[in-house]
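One-letter residues, chain by chain:
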Amino acid sequence: KEKYLDLSPEVTWRRGSLWSLYDTEAFTNAHRQEEPLIKVVGDLRKKNCTSVMMNLTSQHSDRYFFRFSSEGFSVTESKAVQINVSDSLAEPYVIVPGLREGEVGNLTCTVPAPCPSNSPNVTWDPAFGGNITQWTQLNADGTQNVSAILNFVPSFHHHELKVNCVSIHLLDRQDKPLLSHKTIILNVEYPPKETQISVTGSVWLGNNVTLTCQSNAHPGTVHRWFMKKHGIVEEVGALRVLSFTATHSKSGENICEAQNLHGAGNSTILQITVPGKSFTAFLAVLALFSLLLFALPIVLIVSTSSQLMY
């Protein structure tokens, strides 16, 4: 039958619900208006019958049969294609590469564009100060996709922020545009920042003291502790939390280093000076001093009263 491909071929798609009415006098213009507007975008002479159904509504959901006709020949396929028309659009397809601070990243969002005359507008929101490039790709079957690429330089401030790919489909009929979107959460890797030391416990001779290293980093960090004393730097620990009993040997300048795959960051210097006496001894001296301050006025009063009596 290939000879008929050169004889003004035409393609139609017949609805299953109207099957018994086709080619009969009962098939009216009202029935014809129930059929969707169909355009063949393929090259029939190359046996490409790719078709586009336009302005579909949910009432167009049906079985559709392929029909080919030309001069002196026509045939209708016995197998049907089930078309289900939804009132909502599928989510866009999003590609997110690994993101690193300071390195250019590209987020790609793709949506189908089944109607060549009304391609969707695809964008990213927010754009983080980057550039959005939109382009259309023609597929082998004659259909199209529209992609929007967000090109930006991520920073640690972007980590775990939400960004939306939004697709707006304008329709031929006088309806509101159809919207579809997909939300993703950014995963940005960056070296340690804002590394600092917090202290738990009173720094007195014999007390338990805990130093905790905190930093903002992704992925997680490993930690190293250093103490500088008399001009000599010594590594004293390799955990995030450093605990010790306060002795005179623990006096010195303490620094925490946080490190991950992308770099390292040091805290500011924390000077620890362990007093010569323990906290208990200090309390005893303080109590004795307070007692003397309380007793001295009494002694002065008694002494003065004695002098007045004489």
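Rules used throughout
Residues numbered from 1 in each chain as written. Predicted model: local features only at pLDDT ≥ 70, side-chain atom pairs only at ≥ 80, totals over all residues. Heavy atoms only, no water. Helix = DSSP H or I, 4+ residues; strand = E, 2+ residues; numbered from the N terminus. Buried < 20%, exposed > 50% of the residue type's maximum accessible area, 1.4 Å probe, protein only. Contact = heavy atoms within 4.5 Å. Areas by Shrake-Rupley, 256 points an atom, 1.4 Å probe, with all protein chains shown as cover. Phe/Tyr/Trp six-rings, centres within 6.5 Å; stacked < 30°, edge-to-face > 60°. Polar contact = N/O pair within 3.5 Å; in protein donor to acceptor, adjacent residues only side chain to side chain. Core = buried A, V, L, I, M, F, W, Y, C linked by side-chain atoms within 4.5 Å. Pairing = 2+ DSSP bridges. Disulfide = S-S within 2.5 Å.

**Student:** Even after reading the chapter, I still don't get the overall build of the protein chain, so can you show me in this structure?
**Tutor:** What the protein chain contains, in helices and strands, is two helices and 21 strands. Considering the protein chain as a whole, with its 310 residues, one finds that 29% of them fall into the buried category. Considering only contacts in the protein chain between residues 6 or more positions apart, those separated by 24 or more positions represent 59%. Counting only carbon and sulfur atoms, one obtains 55% of the accessible surface of the protein chain, whose full area is about 19,500 Å².

**Student:** What is the right way to look at the packing of aromatic side chains in this model?
**Tutor:** What describes a pair of aromatic rings is the distance from one ring centre to the other and the angle between the planes of the rings. On inspection of all chains with the given rule, the structure shows seven aromatic pairs. Summarising the aromatic geometry, the rings of Phe128 and Phe152 are spaced 5.5 Å apart at their centres and angled 35 degrees between planes, so their arrangement reads as tilted. With Phe128 in the loop between β9 (121–125) and β10 (131–138) and Phe152 in strand β11 (residues 144–152), this pair connects stretches of sequence that are 24 residues apart. Phe152 sits in the buried class, given a relative accessible area of 2%. Relative to Tyr190, the ring of Phe156 lies with its centre 5.7 Å away and its plane at 50 degrees, an arrangement referred to as tilted. Residue Phe156 is found in the loop between β11 and β12 (162–169), and its partner Tyr190 is found in strand β14 (residues 188–200); the two are separated by 34 residues along the sequence. Accessibility expressed as a relative area gives 4% for Tyr190, which makes it buried. The rings of Tyr4, Phe68 and Phe73 are connected pair by pair, giving a single aromatic cluster.

**Student:** Just checking my understanding: could you explain the environment of Asn187 for this structure?
**Tutor:** Positionally, Asn187 belongs in the loop between β13 (178–185) and β14. The sequence separation of Asn187 and Pro154 amounts to 33 residues, and the corresponding C-alpha distance is 9.7 Å. Not counting chain neighbours up to four residues away, the residues in contact with Asn187 comprise Leu99, His159 and His218. Among the polar contacts made by the side chain of Asn187, one reaches the side chain of His218 at a distance of 2.7 Å.

**Student:** Sorry, what's going on with the nonpolar core here?
**Tutor:** Membership of the largest hydrophobic core comes to 18 residues, with the highest contact counts inside it found for Leu107, Val122, Trp124, Phe152, Val163, Ile184 and Leu186. Those elements that place two or more of their residues in this core are β8 (105–112), β9, β11 and β12. Among the elements that make up this core, the one with the highest residue count is β11 (four residues). Setting aside its immediate chain neighbours within four residues, Phe152 contacts Leu99, Glu103, Val104, Gly105, Leu107, Ala127, Phe128, Gly130, His158 and Leu186. Counting 11 residues, the second-largest nonpolar core is a separate cluster that includes Ile197, Leu242, Ile272 and Val274.

**Student:** I tried to follow the pairing of β14 on my own but got confused; where do I start?
**Tutor:** For a regular strand, side-chain orientation follows a simple rule: the groups alternate between the two sheet faces. With two bridges joining them, strand β7 (residues 99–100) and β14 adopt parallel strand pairing. Residue pairing across strands places Arg100 opposite Glu189, the latter belonging to β14. Here β14 pairs with strand β15 (residues 208–218) via seven bridges, running antiparallel. The partner of Gln196 across the bridge, within β15, is Gln214.

**Student:** How should the state of the cysteines be read in this particular structure?
**Tutor:** By definition, a disulfide links the sulfur atoms of two cysteines through a covalent bond. In this structure the tally under the stated criterion is two disulfides. Each disulfide pairs two cysteine sulfurs, and for Cys109 the partner residue is Cys165, the sulfurs being separated by 1.7 Å. The chirality of the disulfide connecting Cys109 with Cys165 is left-handed, given an S-S dihedral of about -75 degrees. Residue Cys109 is found in strand β8, and its partner Cys165 is found in strand β12; the two are separated by 56 residues along the sequence. Owing to a relative accessible area of 0%, Cys165 belongs among the buried residues under this scheme. Linked covalently through their sulfurs, Cys213 and Cys256 form a disulfide whose S-S length is 1.8 Å. What sets the handedness of the Cys213 and Cys256 disulfide is the S-S torsion sign, and at about -90 degrees it is left-handed. On the criterion of sequence distance, the pair formed by Cys213 in strand β15 and Cys256 in strand β19 (residues 252–260) is long-range, its members being 43 residues apart. Across the pair, Cys256 and Cys213 agree in class, each one buried. Bonded cysteines in the protein chain are paired 1-2, 3-4 when counted in the order they occur along the chain.

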